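Observations on chain architecture
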Amino acid sequence: MIRLIIPQHLRILAHVGSEVSLDIGAPVTTCAILDALEEQYPMLRGTIRDQVTHARRPFLRFFACEVDLSHESPDAPLPESVAIGKEPFLIIAAIAGG
Amino acid sequence: MSKIRVLVGTRKGAFILSSDGKREKWDVSGPHFAGWEIYHMKGSPVDPNRIYVSQTSGWFGQLIQRSDDGGKTWHQPGTPAGESTKTPDGMPKSESNKFAYDTTPATGKPLTTHQFYDGTQRPWEFKRVWHLEPSLTDPETVYAGVEDAAIFRSTDGARNWQELTGLRGHGTGPQWQPGAGGMCLHTIIQDPGNPLRMYIAISAAGAFRTDDSGETWKPINRGLHSQYIPDPNAEVGHCVHHIAMHPSQPDVLFMQKHWDVMRSDNAGDSWTEVSGNLPTDFGFVIDVHANEPDTIYVVPIKSDSEHFVPDGKLRVYRSRTGGNEWEALSKGLPQSNCYVNVLRDAMAVDQLDKCGIYFGTSGGQVYVSPDAGDSWNAIVHNLPAVLSVEVQTLP
């Protein structure tokens, strides 16, 4: 199971706790995680990536294993420790005030 | 006795203020959607318990929320959890927050361009929903005015949205430009006597009218004069801030332009200035008394470079003559050291015999006048900055 941590506002929308578990087959990629997340929690569609272009929202970042993966290809395989559920994949709201 | 429900959208959530017809004691519910910008919330005239909400965020984009029980509970219309988000043939379903400009050859227009602040051309890019206008006859039908300026319609309770492409694509788009708040379509008015007719307004493009249910649109800006565009009398490019209409006189429109308060007596075909003796004719809101079609209200703002009321005094101005002759209304409003603004969708009226007037400020106050403006009371003092105010008069 993939472990996913999402921002507080999205937890409220999806009625979930701090960590979401997703069952994803190989290869585990950012795109596969978001596809599975939106399939399970359709209320989150459009909140992380654009509904039409699928571009990541500019004020959100993707981290895992202490690495910023925001600018990696969404189809690139994620680190093995994310794929086996040892480390979580984090969706972080940029610190931009407000 | 009738009840009043005031729907308040703020920078950090939605609030619902409820009272009986006396409008003296108020219950405050909220914040709903805490931390999100609520640009607008409005109830269906057909089913007042059906309330649509525009919920938006710089981080997470646009959402639409809906209540079917008068604001007690909310949900996002669209695909329920656990149901596939794809159709049986693999196509992604539309969602309540999916506002995709229609660029299909059959029904849409190419992704046209508009002016950016610096005069260069930019393609349309969806940013947020500024205004939701439920149908006068069908609770499932609702219109959305969005930034970048376009109008969308849902006929299934906000589950799916389709652009009315005739507006964005009718030809003058390259002359439209964003105002300080963005290039937003902020006003949608349906003609109660003519279901084919509707008015919209855009900052900064102007006012437009359709006479065929949104298929085609035409600019209705003759008589507007704006110094901030190369041709001050141009067909489009005017920064219209808000338009109001009384349902008994659907051909009479009142407009608060960037500068100038205007009036049309022929459904927008031409406009005349009715700023009269206002201390400044810059402002955002304008509204009409529920029972007196020629009694109108504005809140003059000092200037477009100082977005607060003049002289540190919060004053609503009322004209009982449809413009030109204005009186200041200040009883109960702060008259010193007040520097708030009142945004374009932040004034509304109720439908009681003694018409109530409501407005919200950038300082988080929501005021009510239960006597048509003669005196005012603050319902709440310290909400986040108020973006919109709508009022429902309930049996």
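Residues numbered from 1 in each chain as written. Chains lettered and ligands numbered in written order. Predicted model: local features only at pLDDT ≥ 70, side-chain atom pairs only at ≥ 80, totals over all residues.

**Here's the deal with the overall build of chain A**
The secondary structure content of chain A amounts to 3 helices and 5 strands. Counted from the first residue to the last, chain A has its helices and strands arranged as β-α-β-α-β-β-α-β. Here the C-alpha atoms of chain A give a radius of gyration of 12 Å, agreeing with the 13 Å that 2.2 N^0.38 yields for 98 residues. C-alpha atoms of chain A, sized along the principal axes, occupy 35 × 25 × 25 Å. Scored against the burial criterion, the 98 residues of chain A give a buried share of 31%. For chain A, restricting intrachain contacts to residue pairs at least 6 apart in sequence, the fraction spanning at least 24 positions comes to 54%. (Helix = DSSP H or I, 4+ residues; strand = E, 2+ residues; numbered from the N terminus. Rg over C-alpha atoms; globule rule 2.2 N^0.38 Å. Buried ≥ 20, exposed ≤ 12 C-beta atoms within 10 Å, placed from the backbone. Contact = placed C-beta atoms within 7 Å.)

**A word on the overall build of chain B**
Within chain B, the regular secondary structure consists of 1 helix and 29 strands. Taken over C-alpha atoms, the radius of gyration comes to 20 Å for chain B, in line with the 21 Å a tight globule of 395 residues would show. Projecting the C-alpha coordinates of chain B onto the three principal axes gives extents of approximately 65 × 50 × 40 Å. When each of the 395 residues of chain B is scored for burial, the buried share is 53%.

**What to know about the sheet that holds strand S22 (residues 296-301) of chain B**
Residues and elements named next belong to chain B. Here we have 4 strands laid out as an open sheet, ordered S21-S22-S23-S24, and antiparallel in their pairing. Looking along the sheet, the strands with just one partner apiece sit at the ends: strand S21 (282-288) and strand S24 (327-329). Sheet twist, expressed as the mean angle between neighbouring strand axes with direction ignored, is 30°. (Pairing = 2+ DSSP bridges. Axes fitted to C-alpha atoms, helices over the stretch in contact; angles between N-to-C directions.)

**Some details on the environment of Pro192 of chain B**
All names here are of chain B. The topology assignment puts Pro192 in the loop between strand S13 (184-190) and strand S14 (198-203). Accessibility expressed as a C-beta count within 10 Å gives 15 for Pro192, which makes it partly exposed. Beyond its immediate stretch of four places on either side in the chain, Pro192 contacts Leu136, Pro247 and Pro250.

**Brief notes about the interface of chain A and chain B**
At the interface, 17 residues of chain A touch 15 residues of chain B. Mapped by element, the contributors of at least two residues to the side of chain A that touches chain B are helix H1 (8-14) and helix H2 (30-40) of chain A. Its residues placed into classes, the side of chain A that touches chain B shows 8 nonpolar, 5 polar and 4 charged. (Nonpolar A, V, L, I, M, F, W, Y, C, P; charged D, E, K, R; others polar.)

**Points about the confidence of the model for chain A**
Here chain A averages 92 in pLDDT, while 97% of its residues score no lower than 70. At the level of individual helices and strands, chain A shows its lowest average pLDDT in H1 of chain A, which scores 93, and its highest in strand S1 (residues 2-5) of chain A, which scores 97. (pLDDT = per-residue confidence, 0-100.)

**Thoughts on the environment of Leu253 of chain B**
Residues and elements named next belong to chain B. Relative to the helices and strands, Leu253 is located in strand S18 (residues 253-257). Since 26 C-beta atoms lie within 10 Å of it, Leu253 is described here as buried. Sequence separation of Leu253 and Arg128 is 125 residues, and the distance between their C-alpha atoms is 26 Å. Those residues within four positions of Leu253 in sequence are excluded, and the remaining contacts are Tyr199, Ile243, Met245, Ser264 and Gly268.

**Let's talk about unusual backbone geometry**
The amide bond that connects Ala26 of chain A to the next residue, Pro27 of chain A, takes the cis arrangement and shows omega of -5°. In this fold, Pro27 of chain A is placed in the loop between strand S2 (19-22) and H2. The amide bond that connects Ser203 of chain B to the next residue, Ala204 of chain B, takes the cis arrangement and shows omega of 0°. Following the sequence through the fold, Ala204 of chain B ends up in the loop between S14 and strand S15 (206-210). The residue Arg23 of chain B is not glycine, and still its phi comes out positive at about 60°.

**What to know about the sheet that holds strand S2 (residues 13-20) of chain B**
Residues and elements named next belong to chain B. If you trace the 4 strands from one edge of the open sheet to the other, you get S3-S2-S1-S29, paired in antiparallel fashion. Bordering the open sheet on either side are strand S3 (27-32) and strand S29 (386-394), each of which pairs with just one other strand. Within this sheet the neighbouring strands show an average axis-to-axis angle of 15°, counted without direction. Examined bridge by bridge, S2 and S3 share 4 bridges and lie antiparallel to one another. Within the sheet, the bridge partner assigned to Ser18 lies in S3 and is Asp27.

**A look at the nonpolar core**
Membership of the largest hydrophobic core comes to 110 residues, with the highest contact counts inside it found for Val8, Ile200, Ile243, Met255, Tyr358, Val366 and Val389 of chain B. Excluding residues within four positions of it along the chain, Ile200 of chain B makes contact with Gly145, Ile151, Leu167, Leu185, Thr187, Ile188 and Phe208 of chain B. Among the nonpolar cores identified, the runner-up in size contains 25 residues, and Val28, Ala32, Ile48 and Ala64 of chain A belong to it. (Core = buried A, V, L, I, M, F, W, Y, C linked by C-beta atoms within 7 Å.)

**Section: the pairing of S18 of chain B**
All names here are of chain B. Of all the 5 residues making up S18, 5 are buried; the element is thus mostly covered by neighbouring parts of the structure. By the alternation rule, side chains of S18 split into Leu253, Met255 and Lys257 and Phe254 and Gln256, which are all buried. Two strands pair when backbone bridges link them, and strand S17 (residues 240-245) and S18 are joined in this way by 5 bridges, in the antiparallel orientation. Residue pairing across strands places Ile243 opposite Met255, the latter belonging to S18.

**Quick notes on H2 of chain A**
Every buried residue of H2 of chain A is listed here: Thr30, Ala32, Ile33, Leu34, Leu37 and Glu38 of chain A. Elements in contact with the buried residues of H2 of chain A: S1, S2, strand S3 (60-64) and strand S5 (89-93) of chain A.

**Considering the environment of His186 of chain B**
Position of His186 of chain B relative to the elements: it lies in strand S13. With near-sequence residues (within four places) excluded, His186 of chain B lies in contact with Trp130, His131, Gly145, Ala201, Ser203, Arg344 and Asp345 of chain B.

**Remarks on the confidence of the model for chain B**
Per-residue pLDDT for chain B averages 94, and the proportion of residues at 70 or more is 97%. At the level of chain-chain contacts, confidence expressed as ipTM amounts to 0.90, with global pTM at 0.94.

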